[in-house]
Amino acid sequence: MLSTGDMNPLVSIIMPVYNAEKFLAATMESMLAQTLTEFEFVIVDDCSTDSSTAIIKSYNDKRIRYFKNEKNSGITYTLNRAIDLSETEYLARMDADDLCHPQRLEKQYHYLHQHADCALIATSANVVDEKGALIYKEETPPEFYYFKLTFTSPFYHSSVMYRRSAVLEAGKYTEMYAEDFELFWRLCRRHRFHVIHEPLLDYRVSDQSLFHSVKRSEYSAAASAQCLRNIQFYKGADYTVPDAWLKCYQFEFDVLRKMSVTAVMQCVAALADIAETIDQKPNPNLCDADMRGALKDKQAPILNDAISIMPLAKAVHLLFLLKRYKSISSLIRRRASNFYKNKR
């Protein structure tokens, strides 16, 4: 273990590592170059079999604290161990293949320090490929995050800083897959969150992204199950929607190819029904005006993708309905009355 010595850190960076040699050095250098320099860098190696350990130990920086699991134990165990080993109230998440912009820690720390009611702060991100080339910029308005958190995690995990006390109170990470989604949901039911609408992270999409390729089906199933639990928190334990709808709510739009026009309209109508119930549930992050915008922002991609990937006849039918009426909401009210009668 490398020690922080006599330093009194303000922030703990917690980073799990497993066979991350390809991008690890660049990631570590982006953290060590932060404008806020008073931090500890807690790195927990989940028994890597590549050169990750050697790369970490090649850095002679007293802020680095290196630990290694006794056996390969998975992301949830490794994250929780890093939390337990941390020594500050402010914990900054980092993955071993992403890059932080220099002012990330400074801006997040100062916001949390000045806003005692906020337990989690995230930032926007640039999504990049393996070579660091920009794929797209995250443009989701921060005011839409609360509604979106019901269906999927709107936060890039590596962009998040949270309060250690709030995470311990929530029970830390509990799920094997979609662990971030589940924790963020619990945190944001009790505490305020904030999003810095500025890309302070380069989120790398690569074959090495943790579990995204080899465990994609497990992640998808866990995220869908969490999505349904979240909806049931608002609508009641007996409320349910088809699996295909849950996938649509989580941007897995391939299922639209096999859905009928009626099913697509009911899927979108259900979002309005859920939003109405969410709007009635007290929460420190709730804003009526923002909910209306977030709902439209959630409905539009489903309809747009349905038109683009459904068989031509279905797409024309759906497009005709959308063109005929002045707004999505009026169309939904006309085409989904039976759905509302059954669900209410």
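Throughout this description, residue numbers start from 1 for each chain and increase along the sequence as written. Local features are withheld for residues below a pLDDT of 70 in this predicted model, meaning they are given only at 70 or higher, and side-chain atom pairs are given and counted only at 80 or more; totals for whole chains, interfaces and linings count all residues. Hydrogens and waters are ignored; side-chain quantities use all the structure's heavy atoms.

Enquirer: Explain the packing of aromatic side chains to me, please; I cannot follow it from the model alone.
Expert: When we look at a pair of aromatic rings, we describe it by the centre distance and by the angle of the planes. Only rings of Phe, Tyr and Trp enter the pairing, Trp through its six-membered ring, and a pair is recorded when the two centres are within 6.5 Å. The plane angle decides the type: under 30 degrees is stacked, over 60 is edge-to-face, the rest tilted. Enumeration according to the criterion identifies twelve aromatic pairs in this entry. Seen from their ring centres, Phe 151 and Tyr 249 are 5.4 Å apart, and the 65 degrees between their planes marks the pair as edge-to-face. Within this pair, whereas Phe 151 is found in the loop between helix 5 (145–148) and strand 8 (161–163), its partner Tyr 249 is found in helix 9 (residues 243–249), the two being separated by 98 residues in sequence. Each residue is assigned to one of three classes by its accessible area relative to the maximum for its type, calculated with a 1.4 Å probe on protein chains only: buried under 20%, partly exposed between the two thresholds, exposed over 50%. Of the residues examined, Phe 151 reaches a relative accessible area of 0% and is grouped as buried. Taken together, a centroid distance of 5.5 Å and an interplanar angle of 80 degrees make the contact between Phe 155 and Phe 184 edge-to-face. Strands here mean DSSP runs of E at least two residues long; helices mean DSSP runs of H or I at least four residues long; both are numbered from the N terminus.

Enquirer: Any chance you could explain the nonpolar core here in plain terms?
Expert: Where a protein is soluble and globular, its nonpolar side chains tend to be buried together. Core analysis: the largest hydrophobic core is formed by 74 residues, its most contacted members being Phe 147, Phe 155, Tyr 162, Tyr 249, Leu 256 and Ile 302. When residues in this core are grouped by element, the largest group, twelve residues, is from helix 10 (residues 261–278). Setting aside its immediate chain neighbours within four residues, Leu 256 contacts Cys 248, Val 264, Ile 302, Asp 305, Ala 306, Ile 309 and Met 310. By nonpolar core is meant a set of buried Ala, Val, Leu, Ile, Met, Phe, Trp, Tyr and Cys residues that side-chain atoms within 4.5 Å join together. Core analysis: the second largest hydrophobic core is formed by 36 residues, Val 11, Phe 39, Val 127 and Ile 196 among them. Contacts are residue-level and defined by heavy atoms, with any inter-residue pair within 4.5 Å sufficient.

Enquirer: Would you mind showing me how to read helix 4 (residues 104–114) here?
Expert: It helps to recall that an α-helix has 3.6 residues per turn; residues three or four apart then point in one direction. For helix 4, the full list of buried residues reads Arg 104, Leu 105, Gln 108, Tyr 109 and Leu 112. When helix 4 is viewed along its axis, its buried side chains cluster within an angular range of 110 degrees and face the same direction. Along helix 4, the residues that are exposed and aim more than 90 degrees away from the buried face are His 113 and Gln 114. By arc we mean the arc of the directions from the helix axis to the C-beta atoms, nothing more.

Enquirer: Just to check I follow, could you spell out helix 10 for this structure?
Expert: To estimate the expected span of a helix, count its residues, drop one, and scale the result by 1.5 Å. Between its terminal C-alpha atoms helix 10 stretches 26 Å, which fits the 26 Å expected from 18 residues at 1.5 Å a residue. Along helix 10, 15 of the 18 residues are buried, which leaves the element largely enclosed by surrounding structure.

Enquirer: Teacher, can you tell me more about empty space enclosed by the protein here?
Expert: A water-sized probe rolled over the atoms picks out the places where empty space is left. With a 1 Å grid laid over protein atoms only, a set of points is called a cavity when a 1.4 Å probe fits there but cannot get out and a pocket when it is open yet has protein on both sides within 12 Å along at least five of seven lines; lining residues have an atom within 4 Å of a point. Grid points are joined across faces, edges and corners, and a volume is the space filled by probe spheres set on the points. Scanning the entire structure with this criterion turns up one cavity of 30 Å³ or more. Taken together, Glu 143, Tyr 146, Phe 147, Asn 285, Cys 287, Asp 290, Met 291 and Ala 294 make up the full set of residues lining the largest cavity. When contributions to the lining of the largest cavity are tallied by element, the ones reaching two or more residues are helix 5 and helix 11 (288–309). Looking at which element gives the most residues to the lining of the largest cavity, the answer is helix 11, with three residues. A breakdown of the residues in the lining of the largest cavity according to their chemical character gives five nonpolar, one polar and two charged. Residue polarity is assigned by list, with Asp, Glu, Lys and Arg as charged and Ala, Val, Leu, Ile, Met, Phe, Trp, Tyr, Cys and Pro as nonpolar; anything else, Gly included, falls into the polar class.

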